Amino acid sequence: MSIKRETLADTFALISFGLVVGMLVEILVAGLTIEQSLQSRLMSIPVNMLIARPYGIYRDWMMCYSRLFGSRRVGNTVLDIFAFISFQIPVYAALIAITGATMEQVITASLGQIGALMLMARPYGVYMQLCRNWFVSGSMRAA
């Protein structure tokens, strides 16, 4: 796949996944209104545009180590979780810190995010691969 197509696929995947999952969490769990959630999701787009491809590269590098696990399925799941958390938590912490949060608040919020990221990591990894496949062939093939 060309770098341009990978960048488009990774960016599309992160923005669309973040939009849907983020709105569900914000509305159903956090109690935000639809308008508040839409505003939050719109504000996340520039950040997602900046980090989508670097995350895709980082995840690809991490997935090279899946052969170290007895099962490819287990390895992919564990590495998706590790890659997602280790990449997204520093980004999240930086964004929270920029808002003026104290160090204690940044740590508490980041620790709270780990559970959500663990649940989202593998579904996002599969979805990102489906988007990559779609951008290459024009059809959705299995990840």
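For the structure itself, look to the data block above.
The paragraphs below set out a description of the structure included in this document. (Residues numbered from 1 in each chain as written. Predicted model: local features only at pLDDT ≥ 70, side-chain atom pairs only at ≥ 80, totals over all residues. Heavy atoms only, no water.)

### Some words on the overall build of the protein
Then comes step 1: Along the protein, the regular secondary structure elements total 4 helices and 0 strands.
Then comes step 2: Across the protein, helices and strands are ordered from the amino to the carboxyl terminus as α-α-α-α.
Then comes step 3: A globule of 143 residues ought to have a C-alpha radius of gyration of about 15 Å, and the protein, at 16 Å, matches this closely.
Then comes step 4: Taking the principal axes of the C-alpha coordinates as reference, the protein spans close to 40 × 35 × 25 Å.
Then comes step 5: Looking at the protein as a whole, 33% of its 143 residues qualify as buried.
Then comes step 6: Put simply, 63% of the contacts in the protein that link residues at least 6 apart link residues at least 24 apart. (Helix = DSSP H or I, 4+ residues; strand = E, 2+ residues; numbered from the N terminus. Rg over C-alpha atoms; globule rule 2.2 N^0.38 Å. Buried < 20%, exposed > 50% of the residue type's maximum accessible area, 1.4 Å probe, protein only. Contact = heavy atoms within 4.5 Å.)

### Considering the packing of aromatic side chains
Then comes step 1: For the coordinates displayed, the defined rule picks out 12 aromatic pairs.
Then comes step 2: Geometrically, the ring pair formed by Tyr55 and Tyr124 is tilted, given 6.1 Å between the ring centres and 45 degrees between the ring planes. One end of the pair, Tyr55, is in helix 2 (residues 34–63); the other, Tyr124, is in helix 4 (residues 103–137), and 69 residues separate them in sequence. Each member of the pair, Tyr55 as well as Tyr124, is classed as buried.
Then comes step 3: A connected cluster of aromatic rings, assembled from ring pairs, spans Phe17, Tyr55, Tyr58, Trp61, Tyr65, Phe84, Phe87, Tyr124 and Tyr127. (Phe/Tyr/Trp six-rings, centres within 6.5 Å; stacked < 30°, edge-to-face > 60°.)

### Focus on helix 3 (residues 72–98)
Then comes step 1: With 27 residues, helix 3 should reach 39 Å at 1.5 Å per residue; the first-to-last C-alpha distance of 39 Å fits that figure.
Then comes step 2: Buried within helix 3 we find Gly75, Asn76, Leu79, Asp80, Ala83, Phe84, Ile85, Phe87, Gln88, Ile89 and Ala93.
Then comes step 3: Check the buried side of helix 3 and you find it contacts helix 2 and helix 4.
Then comes step 4: A distance of 3.3 Å separates the backbone nitrogen of Arg73 from a side-chain oxygen at the start of helix 3, and that oxygen is part of Ser71.
Then comes step 5: Gly100, located one to two residues past helix 3, shows a positive phi value of around 100 degrees. (Expected span 1.5 Å × (residues − 1). Polar contact = N/O pair within 3.5 Å; in protein donor to acceptor, adjacent residues only side chain to side chain.)

### Some details on the packing of helix 2 against helix 3
Then comes step 1: The contact between helix 2 and helix 3 brings their axes to 10 Å, and the two run at 145 degrees. For the element pair helix 2 and helix 3, the recorded crossing hand is right-handed. When helix 2 is examined against helix 3, the residues Val47, Ile51, Pro54, Tyr55, Tyr58, Arg59, Met62 and Met63 are found in contact with a partner set consisting of Asn76, Leu79, Asp80, Phe82, Ala83, Phe84, Ser86, Phe87, Gln88, Val91 and Leu95.
Then comes step 2: Here the residues of the contact of helix 2 with helix 3 are counted per class, giving 14 nonpolar, 3 polar and 2 charged. (Axes fitted to C-alpha atoms, helices over the stretch in contact; angles between N-to-C directions. Left-handed = near helix turned anticlockwise from the far one by under 90°. Nonpolar A, V, L, I, M, F, W, Y, C, P; charged D, E, K, R; others polar.)

### Overview of the environment of Asp10
Then comes step 1: Tracing the chain through its elements places Asp10 in helix 1 (residues 3–29).
Then comes step 2: Along the chain, Asp10 and Ile57 lie 47 residues apart, while their C-alpha atoms are 9.4 Å from each other.
Then comes step 3: With residues up to four places along the chain from it excluded, the contact list for Asp10 reads Ala52, Arg53, Gly56, Tyr124, Met128 and Arg132.

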